[in-house]
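If you want the building blocks of each chain, they are given just below.
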Amino acid sequence: MRRYDVAGASPKGQSMSESTKRALRPAQVAAKLGVSVPTIWRYTRQNPQFPKPSKLSERVTVFDESEIDAFLTSRRAA
């Protein structure tokens, strides 16, 4: 099972363990990519290379920050 540290939820200066990944909410992903939140959802449906979100609960969806970073790197390299 993945453990997530939701961005902004942990105190500053604490390091994450290797088993904990940083999670970004859709609005944070949109800001990082410079697009709107609806565009993020469009990417998840239409772009097979875009990272798939994880549901933490019925109303909380997050993206793995390292997967988003890898997606950005691959787009810049192309």
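Residues numbered from 1 in each chain as written. Predicted model: local features only at pLDDT ≥ 70, side-chain atom pairs only at ≥ 80, totals over all residues. Heavy atoms only, no water.

Before we move on, could you go through the confidence of the model for the chain and cite the residues and values that matter?
Here the chain averages 85 in pLDDT, while 76% of its residues score no lower than 70. When pLDDT is averaged over each element of the chain, helix 2 (residues 37-46) comes out on top at 98 and strand 1 (residues 3-6) at the bottom at 62. (pLDDT = per-residue confidence, 0-100. Helix = DSSP H or I, 4+ residues; strand = E, 2+ residues; numbered from the N terminus.)

Provide a residue-level description of the packing of aromatic side chains, including the pertinent values.
Each aromatic ring pair is described using two quantities: the centre-to-centre distance and the angle formed by the ring planes. Following the criterion strictly, the structure yields four aromatic pairs and no others. Between Trp41 and Phe63, the aromatic rings sit 5.9 Å apart at their centres with planes inclined by 45 degrees, giving tilted as the arrangement. With Trp41 in helix 2 and Phe63 in strand 4 (residues 60-64), this residue pair connects regions lying 22 residues apart in the sequence. Owing to a relative accessible area of 29%, Trp41 belongs among the partly exposed residues under this scheme. Judged by centre distance (4.9 Å) and plane angle (85 degrees), the ring pair of Phe50 and Phe71 falls under edge-to-face. Taken together, the residues span a long stretch of sequence, with Phe50 in the loop between helix 2 and strand 3 (54-57) and Phe71 in helix 3 (residues 65-77) at a distance of 21 residues. Comparing Phe50 with Phe71, the two get one shared label, buried. Grouped by ring-pair contacts, the aromatic residues Trp41, Tyr43, Phe50, Phe63 and Phe71 constitute a single cluster. (Phe/Tyr/Trp six-rings, centres within 6.5 Å; stacked < 30°, edge-to-face > 60°. Buried < 20%, exposed > 50% of the residue type's maximum accessible area, 1.4 Å probe, protein only.)

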